[in-house]
Each structure stands twice: as structure tokens, then as C-alpha cells.
Amino acid sequence: NAIKHVDGQKWDVVVSTFGPYSNIRVASFIKKQNNVKYWVCVYRDLWSCNHIFSGVIGLRFLEKKYEKYLVKNADLITTVSRNLSYKLKDFFPKK
């Protein structure tokens, strides 16, 4: 089922924030369904590039691919610090 605005109109902006990643999943779905004009993806913490918890061994590669797949349609990626922005620029070079 598509997630739609109550009156059938597109939303102007959807803002998602990481963690948990389900927020990014929902925003990505809304954007892919063409129900929002602009998606802002906010990283308060890193997901697959997190220096504190880098993920489960054997699944790290899949998590990185999944994160890139979900976020590829974001119109803007923003974060809370300069250091995180450097890591995100390396991870998402085209954003």
C-alpha cells in the first residue's frame, strides 16, 4: 500500500533521521512512490559506517549496500557535525 497525504496531494518535504533505520526505509518508500517533492535524510549517528558498532560480521557488506540503496533517492543528506559529514561524503560521494 502506498503512503499518501490525506487529500491525495504530495508532501513538500519529508525529513527522516537515523536511528533506527526504519525511518530511512519509510522516507525512501514515500519518495519512491512519488508522494513527496523533497526528502531530507538527517544523520544524527552513522549507520553502516559507525565507528562504535560496525555491524555483524558477515552482514556488514549487505548493510552498506542496503543503506546506499535506500538513501540514493534522498535529495539532501545532512548531519550534526563536521566529522560525520566527512564520513558521509566518503560514503555517498554523489550526494
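The structure under discussion appears in the preceding block.
Residues numbered from 1 in each chain as written. Predicted model: local features only at pLDDT ≥ 70, side-chain atom pairs only at ≥ 80, totals over all residues. Heavy atoms only, no water.

Draft legend 1. Just the pattern of salt bridges, in detail. Under the defined criterion, the tally for this structure stands at 2 salt bridges. Among the salt bridges present, the one from Lys-37 reaches Asp-12, with a minimum N-O distance of 3.2 Å. Of the two residues, Lys-37 is situated in strand β2 (residues 36-43) and Asp-12 in strand β1 (residues 11-18); the sequence distance between them amounts to 25 residues. On the basis of relative accessible area, Lys-37 is assigned to the exposed category, the value being 52%. (Salt bridge = Lys/Arg side-chain N within 4 Å of Asp/Glu carboxyl O. Helix = DSSP H or I, 4+ residues; strand = E, 2+ residues; numbered from the N terminus. Buried < 20%, exposed > 50% of the residue type's maximum accessible area, 1.4 Å probe, protein only.)

Draft legend 2. Seen up close, the side chain of Ser-48. Here Ser-48 is to be found in the loop between β2 and α2 (60-71). Using a relative accessible area of 4% as the deciding quantity, one classes Ser-48 as buried. A distance of 2.4 Å separates polar atoms of two side chains, one belonging to Ser-48 and the other to Glu-67. (Polar contact = N/O pair within 3.5 Å; in protein donor to acceptor, adjacent residues only side chain to side chain.)

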